[in-house]
Structures are given as structure tokens and as C-alpha cells.
Amino acid sequence: MLQSFAVPDTVQKAKPNPVSDHIPIAISTQGIKRGPRPFRFENMWMEDQTLEGRIKEWWGASQPQGNPGFLFCKKLQFIKDQVKVWNSSTFGRIDRKIDELLTQIAEIEVEEQNDSLSAENRMGIIFSVGDGRRTQFWSDCWLGEEPLQYKFPTLFAHSRRQKAFVSEMFKRMEDGSILWDLDLNRRQSEQATKEFAEISQLLDGFGFEGEEDSRAWRCPWVLPAKIIGVFAESSAKRFSDRGNHLWRLLPFAVCWVVWLERNSRTFEDKEKERDKVILDIKATMMYWSSPSKVLQGIRFEDLVFN
């Protein structure tokens, strides 16, 4: 296909596809001269409290000679050059960081498909236990808001099966009751005994939720240090094809709309009501889905009210 364009030095590269089931392809024509890149102001620069003082300092440091219009243009040119240097040293190459994040997301998708998510990526997932075959008893978040190894550290140290799955830690009796066996060392400290009583109470009140384990992403208002933890889980088996499509888009739509709302509140002093933000999230998912036939026949009213 590229040969039909008759463009020399053409390079194509497959990009990660965190949202769509289509793989985007980037085409680079190195032989074409595009000229200088336009200067763009980034909202993230306003996060640096020293920027305003730096601009005042740069404005005063530039002392060109000429008429007022010429002086103004030269001062702006000087500040632009200084901002470029400051941006490179303070924030680095944002485009490369975005590419790295997209690559990490693609790697997580491969890990999820191979059922081999790393411990770091698993921290961004909440597990719903069905048969317990895919959920690790101690290291996954399935009983409460944090993994059991952090909630009961002394008991975890006494365990002889620290990497066991939930299915390996219980037996289902003939009457349907559940008998938990944590396989602990016989010699236990006083703290371990106390933690055992607490975890026993949690396990006794636990109810299995289905035939297979399922996973859900967690998206806090304050994002973690590595955003890949937010998108570690991209699908759920409990939904239909349309539901899985929307579930796949949802974390990206939430973070995009929340980011826009945050900028609106910070820089424009405008604030939307919660219901309007939720409506924007649904509208964003509907707009992103428009090129696909997955939601064909679904009206926006159905997405909003159903």
C-alpha cells in the first residue's frame, strides 16, 4: 500500500491500542521537510510555582534595541527559547513518556491475556472470587481494601504457602460449608494468634460470587505514582460484548473527563455538578464508540438512563 504513494524513506510502525480493537499505524515520511514545530503552551507548566517568577526574570533579562513592536516580538522570542530549555530540563520529553506509558499498557494487556500479571500491576486490581483459581490468597486485593499480607503481616510470615491461590486454601464440605486451612506454622507468636482470630472472622463472613474469578480496575481521584496500575485490568467476563466494550473505555473516559474538569476548576474557576460530569463521561464513551459497530442501534438516551 505504501508503494502506491511513491513517497521515499517511508517508515510505518504499529502503536499500542489501549482503547480500540484496531491497531493504529504511524507512518513517518522522513524525506519531507515540515519546517519548525509550532510553539505550544502546556497546562502542566502552571503546576510549577516558579514559572511566573522565571518569566518575569527572563522578560527583564532581554534588552533588545528598536521600536516598541520589535522589542515586544524579540522579548517573546527570548522567553519562548528559555521556556523550551526549562521545559526540557524540568518535564523532559512528554511525547516519549506518553509512548512509554502506552507501551506499558500494551505489555499489561499481554500479561493479562497470559494470566501472568506482575505483583506491581496486580496492586491496581480488585478481585471478585468465584472459584478462587486466579486470585492469590495473600498478595491480591480480594478481602477488604488491601492485600491480606499487609493487613496481617505476622500471620503472613507464619504461612507456609505464601504464593497460594484462594482455591488452595479452603475445602468445601459435603454440607456445602467452607473449611479454611491457612497452613500456618504450629509455633505462633501472640500477635499471630490475634491476627488469626481477626482473619478467621473475615473468612467466616465471606461469600463466593460466581463460577470464575473476575477482576475490576480501581481508579482513585488521586492517581498512583504509576498510572499503569489504574489500567491494569481492561475487561471483565461478567458483561456482554457491548458491556465489555464500554468497560474497556470507561477508565480512559473517566480520567479524561476528570482531567478536563480539574483544568476547568484550576484555570477557569468553573465547576460542574457531579451529575453533569457523569453525563460527560457517558457522552465521551458514546463519541469514542461512534466509528465502531459495537453500539449500533444504541441511542445516547439508552446509555444515559439504562
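Going by what an unreviewed UniProt entry lists, the protein chain is known as Reverse transcriptase zinc-binding domain-containing protein and is assigned to Macleaya cordata.

A. Layout of the overall build of the protein chain. Check the secondary structure of the protein chain and you find 10 helices and six strands. Looking at the protein chain residue by residue over its 306 residues, the buried ones come to 30%. Summarising the internal contacts of the protein chain: among those between residues at least 6 apart in sequence, 58% fall at separations of at least 24. Summing over all exposed atoms, the protein chain offers an accessible surface of approximately 21000 Å²; the carbon and sulfur share of this is 54%.

B. Spotlight on the packing of aromatic side chains. Counted according to the given criterion, the structure contains eight aromatic pairs. Judged by centre distance (5.5 Å) and plane angle (65°), the ring pair of Trp 138 and Phe 156 falls under edge-to-face. Of the two residues, Trp 138 sits in the loop between strand 3 (125-128) and helix 5 (148-151) while Phe 156 sits in helix 6 (residues 153-158), which places them 18 residues apart along the sequence. One exposure class covers both Trp 138 and Phe 156, and it is buried. Feature note: the residues Phe 137, Trp 138, Trp 142, Phe 156, Phe 170, Trp 180 and Phe 206 constitute an aromatic cluster, connected by ring pairs.

C. Inspection of the nonpolar core at higher detail. Of all hydrophobic cores here, the largest spans 22 residues; its most connected members are Phe 137, Trp 142, Trp 180 and Ile 199. Listing elements by their share of this core, those giving two or more residues are strand 3, helix 6 and helix 7 (190-204). At three residues, helix 7 tops the list of elements feeding residues into this core.

D. Seen up close, a nonpolar patch on the surface. Together, Trp 256, Trp 259, Leu 260, Tyr 287 and Trp 288 line one region of the surface with nonpolar side chains, adding up to about 580 Å² of accessible area. Where the nonpolar patch is concerned, the elements lending two or more residues are helix 8 (241-267) and helix 9 (274-289). The leading source of residues in the nonpolar patch is helix 8, at three residues. Exposure remark for Trp 259: the relative accessible area of 41% places this residue in the partly exposed category.

E. Molecular detail of the pattern of salt bridges. All told, the structure shown has eight salt bridges when counted by the stated rule. Residue Glu 52 pairs with Lys 56 through a salt bridge whose shortest N-O separation is 3.6 Å. A residue pair is termed a helical-turn pair when its members lie 3 or 4 positions apart in one helix, as Glu 52 and Lys 56 do in helix 1 (residues 51-61) at four residues. Its relative accessible area of 58% is what places Lys 56 among the exposed residues. Measuring nitrogen to oxygen at the nearest pair gives 3.9 Å for the salt bridge that ties Lys 270 to Glu 268. Here the salt bridges do not stand alone but share partners, grouping Arg 160, Arg 161 and Asp 183 into one network.

F. Here's a closer look at the side chain of Asn 263. Among the structural elements, Asn 263 can be located in helix 8. Judged by relative accessible area, which is 10%, Asn 263 ranks as buried. With residues up to four places along the chain from it excluded, the contact list for Asn 263 reads Asn 43 and Glu 268.

G. Quick look at the packing of helix 1 against helix 2 (residues 68-90). Two elements in contact, helix 1 and helix 2, have axes separated by 9 Å at closest approach and are oriented at 135°. Considering the angle they form, helix 1 stands oblique to helix 2. The handedness of the crossing between helix 1 and helix 2 is right-handed. Contacts between helix 1 and helix 2 involve Leu 51, Arg 54, Ile 55, Trp 58, Trp 59 and Ala 61 on the former and, on the latter, Phe 72, Lys 75, Leu 76, Phe 78, Ile 79, Gln 82, Val 83 and Trp 86. Tallied by class, residues from the contact of helix 1 with helix 2 come to 11 nonpolar, one polar and two charged.

About the cut-offs
- Residues numbered from 1 in each chain as written.
- Predicted model: local features only at pLDDT ≥ 70, side-chain atom pairs only at ≥ 80, totals over all residues.
- Heavy atoms only, no water.
- Helix = DSSP H or I, 4+ residues; strand = E, 2+ residues; numbered from the N terminus.
- Buried < 20%, exposed > 50% of the residue type's maximum accessible area, 1.4 Å probe, protein only.
- Contact = heavy atoms within 4.5 Å.
- Areas by Shrake-Rupley, 256 points an atom, 1.4 Å probe, with all protein chains shown as cover.
- Phe/Tyr/Trp six-rings, centres within 6.5 Å; stacked < 30°, edge-to-face > 60°.
- Core = buried A, V, L, I, M, F, W, Y, C linked by side-chain atoms within 4.5 Å.
- Patch = residues over 30% accessible without salt bridge, like charges linked within 9 Å, V, L, I, M, F, W, Y side chains within 5 Å.
- Salt bridge = Lys/Arg side-chain N within 4 Å of Asp/Glu carboxyl O.
- Axes fitted to C-alpha atoms, helices over the stretch in contact; angles between N-to-C directions.
- Parallel < 35°, antiparallel > 145°, perpendicular 65-115°, else oblique.
- Left-handed = near helix turned anticlockwise from the far one by under 90°.
- Nonpolar A, V, L, I, M, F, W, Y, C, P; charged D, E, K, R; others polar.

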